[in-house]
Amino acid sequence: MLIIDGKKVSLELKNELKASIESYKAITSKVPGLALIIVGQDPASQAYVRNKAKTCKEIGINSTMIAMPSETTQELLLETIHKLNDDPSVHGILVQQPLPAQIDELTVTLAIDPSKDVDGFHPENLGHLVMGDLDKCFVSCTPFGILELLDRYAIETKGKHCVVVGRSNIVGKPMANLMLQKLDAANCTVTICHSATENISFHTKQADILIVAIGHAGFITPDMVKPGAVVIDVGINRVDDPSTKNGYHLVGDVDFNGVSSVASAMSPVPGGVGPMTIAMLMKNTLLSFQRFNGL
Ligand code: GUN
């Protein structure tokens, strides 16, 4: 069974991005800029944003972290976004989710200039994805990272049946739309399953490529997988574990040990899709810089 090693691929990709950023800097004397906004004190969100800032530093992207208190008004957050929209040194704007209850996530997403929406959450970017205009948009980082993994591992996708489990706006829906595209690493027949799907294992067992983003530890068991399938696990679930320093360990949505005896290839958790998400955020930020500078 092949392990789809997202950690290794993300390192390769980050090195490639770093080299590109250095060469553009030599030509233009400019570097890409990413604004990271976090509202409130959620420890998991703080850790994610810190990790994004650290990766920016490693590869030469200029990141600005804007930490706002949890009682921040929507008005102030929108004002902050508008300023960043108008700032030519900022090529990407990311507002870490979830946001406090007084702030409407859709209003915030709509306020970000679509040409700086490196998360790919704006309806204009999602619309371009659905229409297949990938050169005009940003694709949400997790689905984009999975496509990159399938591509770099030369997984055969053309005409294959891809089943996506999960219908979120940031993973399931863009993932299904990507796998539908007439691209080398896509061009699949696509089924989407979700919490109301009847007899879900009937569908998952049809999958040549099974992509699982449902947020339920160990949801996919070996009896739900077709022998030889490629299984991509997007889940990041905390399981209590007093033997670890943090008191928990991470598992995916797939029963890794069980399914590894049925699948032909699998992405592990941790070390699979997760590291690719940040690498693709960096790739989107560089893409935005290239578009802004006509490179
Ligand atoms: N919260 C969890 N994942 C993400 C992400 O990819 N982008 C943003 N903005 N918030 C998140």
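Since we're looking at a predicted model, the values are computed, not measured.

Conventions and cut-offs
- Residues numbered from 1 in each chain as written.
- Predicted model: local features only at pLDDT ≥ 70, side-chain atom pairs only at ≥ 80, totals over all residues.
- Heavy atoms only, no water.
- Phe/Tyr/Trp six-rings, centres within 6.5 Å; stacked < 30°, edge-to-face > 60°.
- Lys NZ or Arg CZ within 6 Å of the ring centre and 35° of its normal.
- Pairing = 2+ DSSP bridges.
- Helix = DSSP H or I, 4+ residues; strand = E, 2+ residues; numbered from the N terminus.
- Axes fitted to C-alpha atoms, helices over the stretch in contact; angles between N-to-C directions.
- Contact = heavy atoms within 4.5 Å.
- Buried < 20%, exposed > 50% of the residue type's maximum accessible area, 1.4 Å probe, protein only.
- Polar contact = N/O pair within 3.5 Å; in protein donor to acceptor, adjacent residues only side chain to side chain.
- Salt bridge = Lys/Arg side-chain N within 4 Å of Asp/Glu carboxyl O.
- Near = heavy atom within 4 Å.
- Areas by Shrake-Rupley, 256 points an atom, 1.4 Å probe, with all protein chains shown as cover.
- Nonpolar A, V, L, I, M, F, W, Y, C, P; charged D, E, K, R; others polar.
- Patch = residues over 30% accessible without salt bridge, like charges linked within 9 Å, V, L, I, M, F, W, Y side chains within 5 Å.
- Expected span 1.5 Å × (residues − 1).
- Left-handed = near helix turned anticlockwise from the far one by under 90°.
- 1 Å grid on protein atoms, 1.4 Å probe; cavity = no way out; pocket = protein on both sides within 12 Å on 5 of 7 lines; lining within 4 Å.
- Points joined across faces, edges and corners; volume = space filled by probe spheres on them.

## Details of the packing of aromatic side chains
Okay, step 1: If you walk through the whole model with that rule in mind, you get one aromatic pair.
Okay, step 2: Above the face of the Phe-138 ring, Arg-291 is positioned so that its terminal group lies 4.9 Å from the ring centre.

## As for the sheet that holds strand β2 (residues 33-39)
Okay, step 1: Spatially, three strands are ordered β3-β2-β4 in an open sheet, and the strand pairing comes out parallel. Of all strands in the sheet, those with a lone pairing partner are β3 (62-68) and β4 (92-95), marking the two edges. Neighbour-to-neighbour, the strand axes of this sheet turn through a mean angle of 15°, independent of strand direction.
Okay, step 2: Pairing geometry for β2 and β4, over four bridges, is parallel. Across the sheet, residue Ala-35 finds its bridge partner in β4, namely Ile-93.
Okay, step 3: With respect to the sheet, helix α2 (residues 43-59) is in contact with β2, β3 and β4, its orientation differing from that of β2 by roughly 170°.
Okay, step 4: Strands in contact with helix α3 (residues 74-85) are β2, β3 and β4; relative to β2, the strand with the most contacts, it is inclined by about 180°.

## Here's the deal with the side chain of Gln-96
Okay, step 1: With respect to the helices and strands, Gln-96 occurs in the loop between β4 and α4 (105-111).
Okay, step 2: Gln-96 sits in the buried class, given a relative accessible area of 8%.
Okay, step 3: In this structure the side chain of Gln-96 is engaged in a polar contact, spanning 2.7 Å, whose partner is the side chain of Lys-52.
Okay, step 4: In this structure Gln-96 touches Ile-37, Ser-45, Tyr-48, Val-49 and Lys-52, once residues within four positions along its chain are discounted.

## Some words on the pairing of strand β8 (residues 230-233)
Okay, step 1: Burial along β8 is two-sided: the residues Val-230 and Ile-232 and Val-231 and Asp-233 are all buried.
Okay, step 2: In the sheet, strand β7 (residues 209-212) pairs with β8 via four bridges, with the strands oriented parallel. What sits directly across from Leu-210, in β8, is Val-231.

## Comments concerning the pattern of salt bridges
Okay, step 1: Taken as a whole, this structure holds seven salt bridges when the rule is applied.
Okay, step 2: In this structure, Glu-16 and Arg-152 form a salt bridge, with 2.9 Å as the shortest nitrogen-oxygen distance. Of the two residues, Glu-16 sits in helix α1 (residues 6-28) while Arg-152 sits in helix α6 (residues 141-152), which places them 136 residues apart along the sequence.
Okay, step 3: Looking at Arg-152, the relative accessible area reads 30%, which means it is partly exposed.
Okay, step 4: The residue Glu-148 makes a salt bridge to Arg-152 at a minimum N-O spacing of 2.8 Å.

## Notes on the site of the ligand
Okay, step 1: Looking at the ligand, the residues that line it are Leu-94, Val-95, Gln-96, Gln-97, Asp-119 and Phe-121.
Okay, step 2: Between Val-95 and the ligand, the recorded distance is 2.8 Å, taken from a backbone N or O atom to a nitrogen atom.
Okay, step 3: Contact between the ligand and Gln-96: a nitrogen atom at 3.2 Å from a side-chain N or O atom of the residue.
Okay, step 4: When isolated, the ligand has an accessible area of 280 Å², and the protein chains bury 77% of it.
Okay, step 5: When the residues that make up the shell around the ligand are grouped by side-chain class, the tally is three nonpolar, two polar and one charged.

## Re a nonpolar patch on the surface
Okay, step 1: Side chains of Tyr-48, Ile-236 and Leu-250 sit close together on the surface and give an oily, nonpolar patch of about 260 Å² of accessible area.
Okay, step 2: By secondary structure assignment, the location of Tyr-48 is in helix α2.
Okay, step 3: For Tyr-48, a relative accessible area of 42% puts it in the partly exposed group.

## Description of helix α10 (residues 273-292)
Okay, step 1: With 20 residues, α10 should cover 28 Å at 1.5 Å per step; its first-to-last C-alpha distance of 29 Å lies within 8% of that length.
Okay, step 2: Immediately beyond the C-terminal end of α10, within one or two residues, lies Gly-294, with a positive phi of roughly 60°.

## Overview of the packing of α6 against helix α7 (residues 172-180)
Okay, step 1: The interhelical angle for the contact between α6 and α7, taken along N-to-C directions, is 40°, at an axis separation of 9 Å. When you trace α6 past α7, the crossing you get is right-handed. Touching Pro-143, Phe-144, Ile-146, Leu-147 and Leu-150 of α6 are Pro-174, Met-175, Leu-178 and Met-179, all from α7.

## Topic: empty space enclosed by the protein
Okay, step 1: Inspection of the entire model under this criterion finds one cavity of 30 Å³ or more.
Okay, step 2: As a volume, the largest cavity reaches approximately 70 Å³.
Okay, step 3: A total of three residues in the lining of the largest cavity trace back to one element, the largest contributor, which is α4.

So far we have only geometry, and geometry alone does not tell us how the molecule works.
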